[in-house]
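Architecture at a glance
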Amino acid sequence: KQWYQRRVRGINSGGAKSIIHKDAHNQLNCLLSGSKDWIFINNSYNHGIYQAEEIDGEHGGFSLINPDAVNYKTFPLFADVPWEYATVYGGDCLYLPPRYYHRVKSTNRNMAVSFLFGTMSQFEMDGCDSIQPALPLQDAQVLWKYPGSGMMSMGNSDPADVQEMFHDLLQDVLEESSVDKVTVRQYLDHIIEKLAAEVPYIRQQFSLLFKDTVIFNDVEEIDHEWLQSLPYETWLTIAASVSFDPSNDPNSEFYYITKEEVMNSLKEATYYQSLDEDTFIRTYRSISGSLRIGRELFAALSKDNKTVTWYDVVNGEDNFRGYGREHDRGDGEMHQRNEIIKERAEIEMEETRKQEL
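Residues numbered from 1 in each chain as written. Predicted model: local features only at pLDDT ≥ 70, side-chain atom pairs only at ≥ 80, totals over all residues. Heavy atoms only, no water.

Looking at the overall build of the protein chain
The secondary structure content of the protein chain amounts to 11 helices and 13 strands. When the 357 residues of the protein chain are sorted by exposure, 40% land in the buried category. For the protein chain, restricting intrachain contacts to residue pairs at least 6 apart in sequence, the fraction spanning at least 24 positions comes to 78%. With an accessible surface of roughly 21100 Å², the protein chain has 48% of that area assigned to carbon and sulfur atoms. (Helix = DSSP H or I, 4+ residues; strand = E, 2+ residues; numbered from the N terminus. Buried < 20%, exposed > 50% of the residue type's maximum accessible area, 1.4 Å probe, protein only. Contact = heavy atoms within 4.5 Å. Areas by Shrake-Rupley, 256 points an atom, 1.4 Å probe, with all protein chains shown as cover.)

Details of the packing of aromatic side chains
Two descriptors summarise a pair of aromatic rings, namely the distance from one centre to the other and the angle between the planes of the rings. By the definition in use, this model includes 8 aromatic pairs. Here the aromatic rings of Phe 166 and Tyr 187 are separated by 6.4 Å at their centres, their planes lie at 80°, and the arrangement is edge-to-face. Separated by 21 residues along the polypeptide, Phe 166 in helix 1 (residues 159-177) and Tyr 187 in helix 2 (residues 184-195) bring together distant segments of the chain. This pair shows no difference in class: Phe 166 is buried, exactly as Tyr 187 is. Seen from their ring centres, Phe 166 and Trp 235 are 5.8 Å apart, and the 85° between their planes marks the pair as edge-to-face. Of this pair, Phe 166 sits in helix 1 while Trp 235 sits in helix 5 (residues 232-242); the two residues are 69 residues apart in sequence, bridging distant segments of the chain. An identical accessibility class is assigned to Phe 166 and Trp 235; each is buried. Here a set of aromatic residues connected by ring pairs shows up, and it is made of Phe 166, Tyr 187 and Trp 235. (Phe/Tyr/Trp six-rings, centres within 6.5 Å; stacked < 30°, edge-to-face > 60°.)

Digging into the packing of helix 1 against helix 5
Two elements in contact, helix 1 and helix 5, have axes whose closest approach is 9 Å; the angle formed by their N-to-C orientations is 85°. Looking at the two axes, helix 1 sits roughly perpendicular to helix 5. The residues of helix 5 that touch helix 1, namely those facing Pro 159, Ala 160, Val 162, Gln 163, Met 165 and Phe 166, are Tyr 232, Trp 235, Leu 236, Ile 238, Ala 239 and Val 242. (Axes fitted to C-alpha atoms, helices over the stretch in contact; angles between N-to-C directions. Parallel < 35°, antiparallel > 145°, perpendicular 65-115°, else oblique.)

What about helix 9 (residues 291-301)?
All buried positions along helix 9 are accounted for by Ile 293, Gly 294, Leu 297, Phe 298 and Leu 301. End-on, the buried residues of helix 9 take up no more than an arc of 140°, which puts them together on one face. (Arc of directions from axis to C-beta.)

With respect to the state of the cysteines
By the definition in use, this model includes 1 disulfide. Residue pairing for Cys 30: its cysteine sulfur links by disulfide to Cys 93, the two sulfurs lying 2.1 Å apart. An S-S torsion of about 110° defines the bridge between Cys 30 and Cys 93 as right-handed. Linking Cys 30 in strand 3 (residues 26-33) with Cys 93 in strand 7 (residues 93-96), this pair joins segments that are 63 residues apart in sequence. Its relative accessible area of 11% is what places Cys 30 among the buried residues. Judged by relative accessible area, Cys 93 falls into the partly exposed class, the value being 48%. (Disulfide = S-S within 2.5 Å.)

Concerning the pairing of strand 3
Looking down a regular strand, the side chains alternate between one sheet face and the other. For strand 3 and strand 9 (residues 110-117), the ladder comprises 7 bridges, and the chain directions are antiparallel. Bridge pairing in strand 9 places Ser 33 opposite Met 111. Direction of pairing for strand 3 relative to strand 7: antiparallel, over a ladder of 4 bridges. Across the sheet, the residue bridging to Leu 28 is Tyr 95, located in strand 7. (Pairing = 2+ DSSP bridges.)

Some details on the nonpolar core
Core analysis: the largest hydrophobic core is formed by 24 residues, its most contacted members being Phe 166, Tyr 187 and Leu 227. Looking at this core, the elements with two or more residues in it are helix 1, helix 2, helix 4 (224-229) and helix 5. Listed in part, the 17 residues of the second largest apolar core include Leu 266, Leu 275, Tyr 284 and Leu 301. (Core = buried A, V, L, I, M, F, W, Y, C linked by side-chain atoms within 4.5 Å.)

Some thoughts on the pattern of salt bridges
A complete count under the given rule lists 6 salt bridges for this structure. For Asp 68, the salt bridge is made with Arg 103, and the minimal N-O distance between the two is 3.1 Å. Placement of Asp 68 in the loop between strand 5 (61-62) and strand 6 (84-89) and of Arg 103 in strand 8 (residues 101-105) is noted, with a sequence separation of 35 residues between them. According to the relative accessible area criterion, Asp 68 is partly exposed, its value standing at 42%. Salt-bridge contacts for Lys 259 lead to Glu 317; the nearest nitrogen and oxygen are separated by 2.6 Å. Linking Lys 259 in helix 7 (residues 259-269) with Glu 317 in the loop between helix 10 (310-315) and helix 11 (337-356), this pair joins segments that are 58 residues apart in sequence. One continuous salt-bridge network, built from bridges that share partners, spans Lys 17, Asp 68 and Arg 103. (Salt bridge = Lys/Arg side-chain N within 4 Å of Asp/Glu carboxyl O.)

Remarks on unusual backbone geometry
Of note in the backbone geometry, Arg 99 takes a positive phi value of approximately 60° without being a glycine. Positionally, Arg 99 belongs in the loop between strand 7 and strand 8. Even without being glycine, Asn 305 reaches a positive phi, approximately 65°. Inspection of the secondary structure assignment puts Asn 305 in the loop between helix 9 and strand 13 (307-308). On the basis of relative accessible area, Asn 305 is assigned to the exposed category, the value being 61%.

These figures come from the coordinates and say nothing about function on their own.
Pasting the structure below:
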């Protein structure tokens, strides 16, 4: 309610196109110049989208289907998914509801600004009866800003939603203990216990959050009144911690690629021959590694700055210690999403055949 979640300015030289995906927030996409082609798929047809497996509780997501070359053998249910089409031109604004699958394509040069706000499902009329003066885009207040480098804030939760969730969690503890106040330790233990299965890295993030801040400084017991008294900036900090998503990290591959995967892939590739930088990077990218980290890893392993050998990989084990952070998640489901989706497709295809019979 208080601010926009974020604003995104996009400049396109033409020819760009997105995958089929959905965003967590309400979105108002305003085109300043050029044109964009949109395709929309109603939420009621999510079963035919074949969404990639992601973290439980995530509101965004994307489809494994290539919209430019749909494989109906692998994704048969998509054949029955209806879609809507629209073209917007300079001066047009398009409203997109939260979690609504869409695909965007640009055929020419264009410029647009997207305003993302809240995940509320009901529109509130408060303030709509008063006309506000025009406000320059640079002066519009937003919750989440991105300086251009480092951890991205895309997908971070609304602090108001997080505040409500924390009140609910506090109420759970109060009712279980039949008291009016609980200790900070009881409360934090309850939060971690409830959220650990849904929010990855929650233990690590919360330990960092409450170690480096003064949120609970000199506080022994808390109640709803105290929780309500926390300033909005504090809820921003807490929301950023709860919303932690490794895919927003420029080094995200360290979360979903394991140390064993990297080492085994490189040992196999270097078993009979040394690898120059180009071949090394191709090998590294074949396991979903990035070009930047591939170059850095090559520089760290190579003794002559020209090639990497099997001995370089085996003796350079310390260079692989950063991989495999997904073990904090426990089940590693993100890493296996393609297999899960294909298995789901086979099950749904079999169910469709039974219904036809």
